[in-house]
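Architecture at a glance
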Amino acid sequence: MSEFDLVIRNADIATASDRMRCDIGVADGRIAALGVGLGPGAREIDAEGKLVLPGGIDSHCHIDQPSSDGVVTADDFYSGTVSAAFGGTTTVIPFAAQMKGDSLRDVVAAYHDAAGPKAVIDYAFHLILTDPTPEAMGQELPALIEDGVTSLKVYMTYDALKIDDRQMLTVLSEARRLGAMTMVHAENHDVIGWLTDKLLEGGLRAPKYHAVAHARIAESEAASRAIQLARLMDAPMLIVHVSAEEAASAIKDAQVKGLKIYGETCPQYLFLTADDLDRDGMDGAKFCCSPPPRDVAGQEAIWRGLKNGTFQVFSSDHAPYKFDETAKLKYGPASPFTKIANGVPGLELRLPLLFSEGVGKGRIDIHEFVALTATNAAKLYGLFPRKGTIAVGADADFVIWDTDRDVTVTYDMLHDAVGYTPYEGRRLKGWPETVFSRGRAVVENGVLNAERGSGAFLPCDRPEPARPTGDLQPEMDPARNWGFTPH
Ligand code: URP
Ligand code: ZN
Ligand code: ZN
């Protein structure tokens, strides 16, 4: 008689804080026991010599999301989640994106309809909020937070998406009151617009000029401004997809002051540079994303930020646009850089890239790897301890890694629908071998073993850092009784 549905024997387990060598007993999709010499399982796997890590959480990815220009991402919730699973990720948190004028409730309902029948691993949603009307903020947002969508992203750039500083204050004030996490795409719209005008006036249209227009100072100015607004409101904030040293230092300075400011970075800022946007012909378009990749010195600054705690989250910002007339080249083979859909794919390679080049080369340790790729996202977005760790009671989402496997990346081996990878030809060491989602071996021996729609929606709790500190700026102190009550 089996005691467990599954037992992983002799696992070398690493979490964000611990290392233990023991068995993992799984029952009903959860970790039921951790210990030496556990009783029998209906299925048993000997993981001797193998590292077992929590399944990754990719908390920044765009799946089945139309861009403001009407281009839809190449991946739907099937190909996107299959690709994630093959890369060792067992939870994704993509965006339910509001376009101006949309009802937030309708938007979230539409993403549920898109994800429910197709996802093969578990998923939650962040909102993208572009239209903070009184109805959206006062009625729809509170209801959605109750339903488990407890984080929202706002943009400081892109004509169709951006909110202004006054709207940002409204969003932060409501987020603080409701206990939500605000994520910010920080780039100064006018700096980018001014530089873009000058470049185009000079006839400079090639993809490489995207990286010139999206200057590092545009990023750091916007990040610093957003941080000050968060400080005024005593609201937590996470600056997403940080690309460069300047914005990273603004985040670090705020953290040193004790503010609840968090940072996220992505593979493109460690492994690509602006030179990639200058590849032959239009090939540079494959590497156009915002903010853009920088230079080698900038990559080193991002590595330092991963090590010194500036960044809590390492996500993919998977924004998969095909390199053809349906997406990247929608405006023709000679599109100016302003017309190239922004974004790069990265769901499947996020973990192998960071494992190989981070852990394998001694830049971060295995606990930092787990924290950056899984645990911190679970904590920041209200999924911990169900997700993001290996502990009794947690969902049985874990990955057996082959740390010795040498892999040369080619697009053929990947499972997304994008048609290219920015990391073609890169040599990596270490690969997620067997991937478990709620105790199911969803990827094993290179084969998918999960039904469409078998992933579940995860309602998120209010994130822990979203609790106000009470450390209000004097202007905001309700005791002053100015007829203004901050929430
Ligand atoms: O270029 C990017 N990052 N595209 C995806 C959308 C976003 O702003 O994250
Ligand atoms: Zn963004
Ligand atoms: Zn993004």
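Everything below is about the structure printed above this text.
Let us now look at the nonpolar core. Formed by 127 residues in total, the largest nonpolar core has its most connected members in Leu 53, Met 168, Val 184, Ile 239, Leu 306 and Phe 369. Among the nonpolar cores identified, the runner-up in size contains 17 residues, and Leu 6, Ile 13, Ile 24 and Val 52 belong to it.

This part is about the site of ligand 1. Neighbouring ligand 1 are His 60, His 62, Lys 153, Tyr 155, His 185, His 241, Cys 289, Ser 290, Asp 317, Ala 319, Asn 342 and Gly 343. Tyr 155 places a polar side-chain atom, nitrogen or oxygen, 3.4 Å from an oxygen atom of ligand 1. The side chain of Asp 317 places a nitrogen or oxygen atom 2.7 Å from a nitrogen atom of ligand 1. Taking 260 Å² as the accessible area of ligand 1 by itself, protein coverage stands at 94%. With respect to the detected pockets, ligand 1 is housed in the largest pocket. Taken together, the residues of the shell around ligand 1 sort by class into three nonpolar, seven polar and two charged.

Right, let's talk about the packing of aromatic side chains for a bit. This structure, assessed with the given rule, holds twelve aromatic pairs. Where Phe 271 meets Trp 303, the ring centres are 6.0 Å apart and the plane angle is 80°; that geometry is what we call edge-to-face. With Phe 271 in helix α9 (residues 268-271) and Trp 303 in helix α10 (residues 296-307), the pair connects residues that are 32 residues apart, well separated along the chain. Pair check on accessibility: Phe 271 and Trp 303 agree, each one buried. With centroids separated by 5.9 Å and ring planes inclined at 90°, the aromatic side chains of Phe 369 and Trp 401 adopt a geometry described as edge-to-face. Of this pair, Phe 369 sits in helix α12 (residues 366-380) while Trp 401 sits in strand β15 (residues 398-408), and the two are 32 residues apart along the sequence. Given the relative accessible area of 2%, Trp 401 is considered buried. In this structure an aromatic cluster arises from ring pairing among Phe 77, Tyr 111, Tyr 123, Phe 125 and Phe 457. The lysine or arginine in question, Lys 339, covers the ring of Tyr 331, its NZ or CZ lying 4.9 Å from the ring centre.

Empty space among the atoms can be located by rolling a probe the size of a water molecule over them. Under the criterion given, the structure shown has two cavities of 30 Å³ or more. Of the pockets and cavities examined, the largest cavity occupies roughly 50 Å³. Taken together, His 318, Pro 345, Gly 346, Leu 347, Glu 348, Leu 349, Leu 414, Asp 416, Tyr 420, Thr 421, Pro 422 and Tyr 423 make up the full set of residues lining the largest cavity. Taken as a whole, the second largest cavity encloses approximately 40 Å³ of empty space. Lining the second largest cavity we find Leu 53, Pro 54, Gly 56, Leu 351, Phe 369, Val 370, Thr 373 and Ala 374. Put simply, the parts of the chain that give the lining of the second largest cavity at least two residues each are β5 (51-54) and α12. Along the lines of polarity and charge, the residues of the lining of the second largest cavity split into six nonpolar, two polar and no charged.

Below, the discussion takes up the coordination of the zinc ion (ligand 2). Those protein atoms acting as donors to the zinc ion (ligand 2) are Lys 153 (NZ), His 185 (ND1) and His 241 (NE2), and they sit at 2.1 Å. One chain supplies every donor to the zinc ion (ligand 2), and in sequence these donors are spaced K-x31-H-x55-H. In this structure, the zinc ion (ligand 2) lies 4.0 Å from the zinc ion (ligand 3). Here the residue His 185 occupies a position in strand β11 (residues 181-185), and His 241 occupies one in the loop between β12 (237-239) and α8 (245-256), the gap between them amounting to 56 residues.

Attention shifts here to unusual backbone geometry. In the segment running from Ser 290 into Pro 291, the intervening peptide bond is cis, with an omega of -10°. Residue Pro 385 follows Phe 384 across a cis peptide bond; omega there is 5°. Examined against the element boundaries, Pro 385 turns out to sit in the loop between α12 and β15. Although it is not a glycine, Asp 317 sits at a positive phi angle of roughly 45°.

It is worth spelling out the coordination of the zinc ion (ligand 3) at this point. In the first shell of the zinc ion (ligand 3), the protein supplies His 60 (NE2), His 62 (NE2) and Asp 317 (OD), at 1.9 to 2.1 Å from the metal. When the donors of the zinc ion (ligand 3) are listed by position in the chain, the intervening gaps give H-x1-H-x254-D.

It is worth spelling out the packing of helix α11 (residues 350-359) against α12 at this point. Here α11 crosses α12 at 155°, and the two axes come no closer than 10 Å. When the axis of α11 is compared with that of α12, the two are roughly antiparallel. Pair α11 / α12 crosses with right-handed handedness. Contact with α11, carried on its side by Arg 350, Leu 351, Leu 354, Phe 355 and Val 359, involves Ile 366, Phe 369 and Thr 373 of α12 and no other residues of that element. For the contact of α11 with α12, a count of residues per class yields six nonpolar, one polar and one charged.

Among the eleven residues in strand β1 (residues 4-14), nine count as buried, and that is most of the element. Relative to strand β4 (residues 41-46), β1 is paired through five bridges, and the arrangement is parallel. If you follow Arg 9 over to β4, its bridge partner there is Asp 46. Pairing between β1 and strand β2 (residues 19-27): seven bridges, direction antiparallel. Counted as the bridge partner of Ile 13 is Met 20 from β2. Counting the residues between successive antiparallel strands, the hairpin from β1 to β2 contains four residues. Bridging between β1 and β5 involves two bridges; their strand directions are parallel. Directly across from Ile 13, in β5, lies its bridge partner Val 52.

About the cut-offs
Residues numbered from 1 in each chain as written. Chains lettered and ligands numbered in written order. Predicted model: local features only at pLDDT ≥ 70, side-chain atom pairs only at ≥ 80, totals over all residues. Heavy atoms only, no water. Core = buried A, V, L, I, M, F, W, Y, C linked by side-chain atoms within 4.5 Å. Buried < 20%, exposed > 50% of the residue type's maximum accessible area, 1.4 Å probe, protein only. Near = heavy atom within 4 Å. Polar contact = N/O pair within 3.5 Å; in protein donor to acceptor, adjacent residues only side chain to side chain. Areas by Shrake-Rupley, 256 points an atom, 1.4 Å probe, with all protein chains shown as cover. 1 Å grid on protein atoms, 1.4 Å probe; cavity = no way out; pocket = protein on both sides within 12 Å on 5 of 7 lines; lining within 4 Å. Sits in = over half its atoms within 2 Å of the grid points. Nonpolar A, V, L, I, M, F, W, Y, C, P; charged D, E, K, R; others polar. Phe/Tyr/Trp six-rings, centres within 6.5 Å; stacked < 30°, edge-to-face > 60°. Helix = DSSP H or I, 4+ residues; strand = E, 2+ residues; numbered from the N terminus. Lys NZ or Arg CZ within 6 Å of the ring centre and 35° of its normal. Points joined across faces, edges and corners; volume = space filled by probe spheres on them. Donors = N, O, S within 2.8 Å, 3.2 Å for Na, K, Ca; no water. Axes fitted to C-alpha atoms, helices over the stretch in contact; angles between N-to-C directions. Parallel < 35°, antiparallel > 145°, perpendicular 65-115°, else oblique. Left-handed = near helix turned anticlockwise from the far one by under 90°. Contact = heavy atoms within 4.5 Å. Pairing = 2+ DSSP bridges.

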